[in-house]
Amino acid sequence: MNYVPILRDIAAEYRNRADYLREARAFLASEGASLGEAEIGKVFDDFYATKRAPLPGRAQPGRGHGTGAASAGASRAGGALPSSDWYAPFRFVSLSQRIAFPEDPVKAAWADGHLHDRPLEDGLCATLSVTWEFDGPMLIGDGGDPKTKESDTPRFGPLKVAGHYVLPGSSLRGLLRSTLEIAAMGRLEQVDGHRAFGMRDFTHKLFKDDTRPEVKGGWLQRTLGEDGKPIYEITPCKIHEIRIRDMRQDRASGMDHAKWLTERMAEKYADLGMCARPRFKDDFPVIGFDRSTGFTSAGEHLVRRSQTGSITGVFVCAGRSPTVKADAATAQKLDLQKDKRDTKKDGKNEGHMKKVEYVFETRASDRSFILSDQEWRDFLDMNSTITRDKPRPAGNWKELSPTLEAGKPIPVFWIGTPGESDFDFGLVKVFKRRMKHRLRDLIPAPHGQTWDTPDFVQTLMGFVREPGPEATPAEVAASHDQRHLRSRLSVGFAKLVGPAPQLMSENTVQAVPKPSFGPFYLRGTPLKDWNEPVKIAGRKRYPAFGGSGAEVVQNLRALVTNDNRNIQSHLTFLSPAKGNKLRFTGEIRAHNVTPAELGAVIWALTLGGDPALRHAIGRAKAQGAGQARVAALSLHVVRNDGAPISESPAAWEADFADADTGTGTPLAPFVQAFGAAMRKTDPQWPDIAPVQELLGAADPKGKGHDQRGYMGLGREAPSYPELRKTAYDKGKGHSGPDCMLSPPRRSAKTGRKEG
């Protein structure tokens, strides 16, 4: 593991060199890491030698506006940082305090199971011809070409069907639904409510105030139950430490020790005869943890190899130490330290290089216990990255998972009481600890999955519900009709029309913000993280961007550094030719809907009838790409009872009229019906916070919307570590002002009560 970035974090948190050294030594000791005193100090010296604060009021490309000395002074003082120091390219729209349910005829038809096959009284069918217009570059990808070689970069280009660039119906449908759920006061249902978050911060109370007994060891085994589902079981065992120089005979020099520290985990086990030697970098052979060796006690938790020893165990090794070099200087340091397992001064570890690995005994020290589905899922959440909604093993789990999948045991460290809420486990001794609250715990009561009546949006757009790990027997036994509902909206592909676009390619970094960082994903004071009884911030939105295409390119390029070239993606955008805009046309069809439901769709598409506002769709929304508006909307309606439509259009409809057909059937009467339906739930609609914040987020000229950068990780001021220090420093500071979470507010132009 490369410990330098973590040491930089510690340096940012502890500006006094003595405090930094104390915390750095404690961290490295807990890791069993191998950085020498001079190397630890060098990280601190280099960090502050190169740290430059931006000029006041001047933007850092891709990083936003820092306040330099002000933020540094606030951090040194231990107080709250100025709210201007907290920034991100996303915001959160507040959750509605009330849920809008379907109109009575729709609710009755759903309950009877005839929402699709029996005409609603006063219902209708409609076709909306929609023209989407983009101000600048946009990309809705074709799925991309994955890496084929280690040096290759994933490539993503615009989607083509039958030779034409298109906007897929699924993307447009997602945009429409996410807007409707805010505007029509829908539930926040599509969330991974059982998701747990972990913390590996030695200043956090999860570590500092942990009163559980010391970390224990055990063997994790995977078997299949009678139903074919995997069962994960841990068999506890005693664990010991062993000097690295005692692990292999006739290989105890400083250079042997240094080479050991630089080897990959699989290479170490191959040296010990426990697996085949890996053939290439991503080769993770099955490790034979069932190959035991004799050991004898060497005192104070230490053992050494002995064929006649009374202890039978297996070597357990850490991965390589990337900051260590197998050179003469390192060998000399290790030779000087070879008889010093831990050198301490005033009870503090002096940060000497790693000199021990572990031995796990093969015989059980207690009865085995089976992990619950939730405990296993928590482990995957904290030891994987999410790729296309699936966990992908990372770190040590990436190296050890092939062994477990092959039916072999792997070593784990655990703490707490099996089966209780305090139980936790991982693959290293100081593993990431699970925080107290899951996502579902911090969702307000009106929201979340329910098995009775669906809300206004769900009955229109449809839903799919599957019982989760903690579903009640009634939920598991629920009927198909209660679990699933087909949509009454069909959203088709939109095809590119007009002048040929330009293709614009850029290499950039498409990182995913982590909701584990509570200050940006939670609301509450004085401390916000997943260990506190606070609330989630709301629905995430990327604010509209009013900059030029050149500024989007600048934002994309600002994310590229020499340190992240191995995680970059090659994106090819569609960009309008000079003097033109990108235009796509497609259709949305509505079946057996009420006037209010059709009005909801029109309101969401036009963002309350305001042509100045923008949707955001596709890749690189954070950097300002994918800014779209409905430039033209033509409506054709047929009532279920065949009655003609005689209402008149409103003035605002002219902004969305097609040059050839106008708007067809007038739009305003349906939007008025939608507003009337919403006011039955909240009389103040549309002048309620969620709707106003939705429209504020869609305003390209909104306050702060030119800020498209993420906070830095080390040298920028203010940096993420500085803010984290303020957030988690014994609750004395704040965790980021709530005001930066919400977009500015803007009033709706349509949908109010007439007169």
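As the structure is a computational prediction, the values presented were derived from the model and not from experiment. (Residues numbered from 1 in each chain as written. Predicted model: local features only at pLDDT ≥ 70, side-chain atom pairs only at ≥ 80, totals over all residues. Heavy atoms only, no water.)

Asks: Explanation requested: the overall build of the chain in the structure shown.
Replies: Each helix and strand counted, the chain has 20 helices and 35 strands in total. Per-residue burial for the chain yields a buried fraction of 53% across its 755 residues. Expressed as a percentage of contacts within the chain between residues at least 6 apart in sequence, the contacts between residues at least 24 apart total 75%. As displayed, the chain has an accessible area near 34,500 Å², and 49% of this comes from carbon and sulfur atoms. (Helix = DSSP H or I, 4+ residues; strand = E, 2+ residues; numbered from the N terminus. Buried < 20%, exposed > 50% of the residue type's maximum accessible area, 1.4 Å probe, protein only. Contact = heavy atoms within 4.5 Å. Areas by Shrake-Rupley, 256 points an atom, 1.4 Å probe, with all protein chains shown as cover.)

Asks: Would you take a moment to explain the sheet that holds strand E10 (residues 230–237) for this structure?
Replies: Hydrogen bonds between backbone atoms are what pair the strands of a sheet, whose relative direction is either parallel or antiparallel. Sheet architecture is open: five strands sit in the order E18-E10-E9-E21-E22, paired in antiparallel fashion. The sheet is open, and its two borders are formed by strand E18 (369–370) and strand E22 (424–426), each paired with just one other strand. Examined bridge by bridge, strand E21 (residues 410–415) and E22 share three bridges and lie antiparallel to one another. Bridged to Phe413 within E22 is Gly426. (Pairing = 2+ DSSP bridges.)

Asks: Explain the sheet that holds strand E11 (residues 239–243) to me, please; I cannot follow it from the model alone.
Replies: One closed barrel accounts for five strands, arranged E11-E13-E12-E14-E17; its pairing is mixed. The mean inter-strand angle of the sheet, taken between neighbouring strand axes irrespective of direction, is 55°. In this structure, strand E14 (residues 311–316) lies alongside strand E17 (residues 356–361), joined through four bridges in antiparallel fashion. Bridge assignment links Val316 to a residue of E17, and that residue is Tyr358. (Axes fitted to C-alpha atoms, helices over the stretch in contact; angles between N-to-C directions.)

Asks: Could you clarify how one ought to interpret the packing of helix H8 (residues 254–262) against helix H10 (residues 328–337) in this entry?
Replies: Axis angle and axis distance: for two packed helices, these are the angle between their axes and the distance between the axes, and together they describe the pair. Between H8 and H10, whose axes approach to 8 Å, the crossing angle comes to 110°. The angle between H8 and H10 places the two elements in the roughly perpendicular class. Crossing geometry of H8 relative to H10 is assigned as right-handed. Of the residues in H10, those touching H8 at Gly254, Met255, His257, Ala258 and Leu261 are Ala328, Thr330, Ala331, Leu334 and Asp335. (Parallel < 35°, antiparallel > 145°, perpendicular 65-115°, else oblique. Left-handed = near helix turned anticlockwise from the far one by under 90°.)

Asks: What exactly am I supposed to notice about the nonpolar core here?
Replies: In a soluble, globular protein the nonpolar side chains are often hidden away together inside. Core analysis: the biggest nonpolar cluster contains 66 residues, and Leu128, Trp132, Phe584, Leu598, Ile602, Trp603 and Leu605 have the highest contact counts within it. Here this core gets eight residues from one element, more than from any other, and that element is helix H17 (residues 595–606). Residues within four places of Trp603 in sequence aside, it is in contact with Ala183, Gly608, Val671, Phe674, Trp685, Val691, Leu694, Leu695, Ala748 and Thr750. Grouped together as the second largest cluster of nonpolar side chains are 50 residues, Ile244, Ala270, Leu371 and Phe413 included. (Core = buried A, V, L, I, M, F, W, Y, C linked by side-chain atoms within 4.5 Å.)

Asks: Help me out: how do you make sense of the environment of His570 in this one?
Replies: Tracing the chain through its elements places His570 in strand E32 (residues 569–575). Assessed through its relative accessible area of 16%, His570 is described here as buried. Separated by 415 residues in the primary sequence, His570 and Arg155 place their C-alpha atoms 4.6 Å from one another. When near neighbours in sequence (up to four residues on either side) are disregarded, His570 contacts Thr153, Pro154, Arg155, Phe156, Ser505, Glu506 and Asn507. Among the polar contacts listed, one links the side chain of His570 to the side chain of Asn507, at a separation of 2.7 Å. (Polar contact = N/O pair within 3.5 Å; in protein donor to acceptor, adjacent residues only side chain to side chain.)

Asks: Would you explain the state of the cysteines in this entry?
Replies: Applying the stated criterion across every chain yields a total of zero disulfides. No disulfide involves Cys275; its sulfur sits 9.6 Å from that of Cys317, the nearest cysteine. (Disulfide = S-S within 2.5 Å.)

Asks: Please clarify how the packing of aromatic side chains should be interpreted in this entry.
Replies: Each pair of aromatic rings is reported with the distance of its centres and the angle of its planes. Enumeration over the complete set of coordinates arrives at 28 aromatic pairs. The interplanar angle of 85° and the centroid separation of 5.8 Å between the aromatic rings of Phe90 and Phe92 together place this pair among those described as edge-to-face. The class of Phe92 is buried, set by a relative accessible area of 3%. An aromatic cluster of three or more residues is present, and its members are Tyr232, Phe369, Trp376, Phe379, Trp397, Trp414, Phe423 and Phe425. The ring of Tyr165 carries Lys160 above its face, with NZ or CZ at 4.7 Å from the centroid. One cation-aromatic arrangement involves Arg433 over Phe431; the distance from NZ or CZ to the ring centre is 4.9 Å. (Phe/Tyr/Trp six-rings, centres within 6.5 Å; stacked < 30°, edge-to-face > 60°. Lys NZ or Arg CZ within 6 Å of the ring centre and 35° of its normal.)

Asks: What is the right way to read the pairing of strand E4 (residues 124–134) from this model?
Replies: Side-chain positions along a regular strand alternate between the two faces of the sheet. Taken across its 11 residues, E4 has eight buried, putting it largely inside the fold. Note that E4 and strand E33 (residues 582–593) share 10 bridges and pair antiparallel. The partner of Trp132 across the bridge, within E33, is Phe584. In this sheet, strand E35 (residues 627–639) lies alongside E4 in antiparallel orientation, the contact comprising 11 bridges.

Asks: How do you make sense of H17 when you look at a structure like this?
Replies: One full turn of an α-helix is made of 3.6 residues, so residues set three or four places apart face in the same direction. With 12 residues, H17 should reach 16 Å at 1.5 Å per residue; the first-to-last C-alpha distance of 16 Å fits that figure. With 12 of its 12 residues buried, H17 lies for the most part within the structure. Restricting attention to buried positions, one finds in H17 the residues Pro595, Ala596, Glu597, Leu598, Gly599, Ala600, Val601, Ile602, Trp603, Ala604, Leu605 and Thr606. Just beyond H17, the residue with positive phi is Leu607, at close to 50°. (Expected span 1.5 Å × (residues − 1).)

Asks: What is the right way to read the side chain of Asn383 from this model?
Replies: Take Asn383: it is sitting in the loop between helix H11 (373–382) and strand E19 (384–387). For Asn383, a relative accessible area of 19% corresponds to the buried category. Here the side chain of Asn383 touches Phe379 through a polar contact of 2.8 Å, landing on its backbone oxygen. Apart from the residues within four sequence positions on either side, Asn383 is in contact with Pro393, Ala394, Trp397 and Leu427.

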